[in-house]
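Structure assessment
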Amino acid sequence: MPEVEVLVRHLRPLLGGRTIRSVHVRRAKVVGPASTRNFRQALRGAKFCGLARRGKYLVFQLRQAGGAEPVTLVGHLGMTGRMYLLPARDRLPKHAAVVLNLGRENFVFEDTRYFGRLTLDGSALARLGPEPLGAEFTAKRFAQALGRSRQAIKVRLLDQSLLAGVGNIYASEALFRAGVAPTLSARRMTAGQVQRLWRAIRAVLREAIACGSTVPLNFAGRGRADGLFYFGRAPGAPDYYEERLRVYDRAGKPCPECGTAIQRRVQAARSTYYCPRCQSEAQIRRPKSEIRRKAEARNPNRV
Ligand SMILES: [Zn+2]
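Residues numbered from 1 in each chain as written. Predicted model: local features only at pLDDT ≥ 70, side-chain atom pairs only at ≥ 80, totals over all residues. Heavy atoms only, no water.

**Considering the coordination of the zinc ion**
Here the zinc ion is held by the protein donor atoms C255 (SG), C258 (SG), C275 (SG) and C278 (SG), which lie 2.2 to 2.4 Å from it. Written as a sequence motif, the donor arrangement for the zinc ion is C-x2-C-x16-C-x2-C. Of this pair, C258 sits in the loop between β10 (228–229) and β11 (263–267) while C275 sits in the loop between β12 (270–274) and α9 (288–297), and the two are 17 residues apart along the sequence. Residue classification places C258 among the buried residues on the basis of a relative accessible area of 6%. A relative accessible area of 0% places C275 in the buried class. (Donors = N, O, S within 2.8 Å, 3.2 Å for Na, K, Ca; no water. Helix = DSSP H or I, 4+ residues; strand = E, 2+ residues; numbered from the N terminus. Buried < 20%, exposed > 50% of the residue type's maximum accessible area, 1.4 Å probe, protein only.)

So this is what it looks like as structure tokens:
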């Protein structure tokens, strides 16, 4: 979600007021269920008048010159999608799935694996839960939503109908910060754990957005406004964000709080990273200073 929020903030001023001159669909699957012909018809001549994020979706608002109904275009980056503006004279990338010509520039949706979407179908938005950073997501509402579920909390957090936009990286990070075992059944969480997790989710997402997300926007030196967005780290880009992740993708490395080796396990086919000591299911929360002291005294190789 932070990546999408950063992208939305980046694209909003670049697209606002721009009119789509022509529509090129190179991968029909990406715009479905509408036919390529209907997709083209709905968008040709329309002007961008708004862009917002909902969960991991980009929600573009457009208006046709006729002024009838506004058109909503919904984008999802999938695993490998990127959206950016490219000078119209530049050669299109091999995996450009949809290209909207805006005159001197093209808005390009590129996706090497074609899991992403750029579609007129907004039905996915209706199934989303509250925004984790929105006012409607209160600790009380979070507790109510969790109360009924037997699922492991890590798996539950990825359910977009519970909470819109918490992905695999931030679910692991939030659980670590809250000191909650990823395997703990959601309904077995204490009120204190729910409160800590609620706070941790908001903190990790806010920090990631503030930091500019896990992935840098790359302006590729071709002009101030081309704004290439790389979903994934650009070659040679600094590691500055990854260092801020405390457990994600750090299996075998020492926990930043207690020095115990971070473990990886698979839950619902997704990797979970956690510290077996700081996130013990025993639900005991000792002060961090005490945990640190004991870790120093212990054989560091023992897990
Ligand atoms: Zn630890």
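So much for the structure itself; the text now carries on.
**Here's the deal with the sheet that holds strand β7 (residues 105–111)**
Taken in spatial order, the four strands line up as β1-β6-β7-β5 in an open sheet, and their pairing is antiparallel. Single-partner strands in this sheet number two, and they are β1 (22–25) and β5 (81–87). For this sheet, the mean angle separating the axes of adjacent strands, direction not counted, is 15°. The pairing of strand β6 (residues 96–101) with β7 spans five bridges and is antiparallel. Considered in β7, the bridge of A96 is made with E110. Against the sheet, helix α1 (residues 2–15) engages β5 and β7, with an angle of about 30° to β5. Lying over the sheet, helix α3 (residues 36–43) contacts β1 and β6, oriented at roughly 155° with respect to β1. (Pairing = 2+ DSSP bridges. Axes fitted to C-alpha atoms, helices over the stretch in contact; angles between N-to-C directions. Contact = heavy atoms within 4.5 Å.)

**Re the nonpolar core**
Residues L58, F60, M83, F107 and L118 are the most contacted members of the largest nonpolar core, which totals 32 residues. Examining the composition of this core, we find that six residues originate from one element, α1, more than from any other. Residues F142, L157, V166 and A174 belong to the second largest nonpolar core, which totals 29 residues. (Core = buried A, V, L, I, M, F, W, Y, C linked by side-chain atoms within 4.5 Å.)

**Things to note about helix α5 (residues 139–147)**
Inspection of α5 places A139, F142 and L146 among the buried residues, and these make up the whole buried set. For α5, the arc enclosing every buried residue in end-on projection is 60°, short of the 170-degree limit, so these residues lie on one face. Buried residues along α5 sit against α6 (153–157) and α8 (191–210). (Arc of directions from axis to C-beta.)

**Examining the pairing of β7**
Successive side chains on a regular strand alternate, one facing one side of the sheet and the next facing the other. Of all seven residues in β7, seven are buried, a share of seventy percent or more. Burial along β7 is two-sided: the face carrying E105, F107, F109 and D111 and the face carrying N106, V108 and E110 are both buried. Bridging between β5 and β7 involves seven bridges; their strand directions are antiparallel. The residue bridging Y84 from the neighbouring strand is V108, located in β7. A loop of three residues connects β6 with β7, the two strands running antiparallel in sequence, and G103 in this loop sits at a positive phi of about 105°.

**Considerations on the side chain of S172**
Here S172 is to be found in helix α7 (residues 168–178). Excluding anything up to four places from it in sequence, S172 contacts K154, V247, Y248, S271, T272 and Y273.

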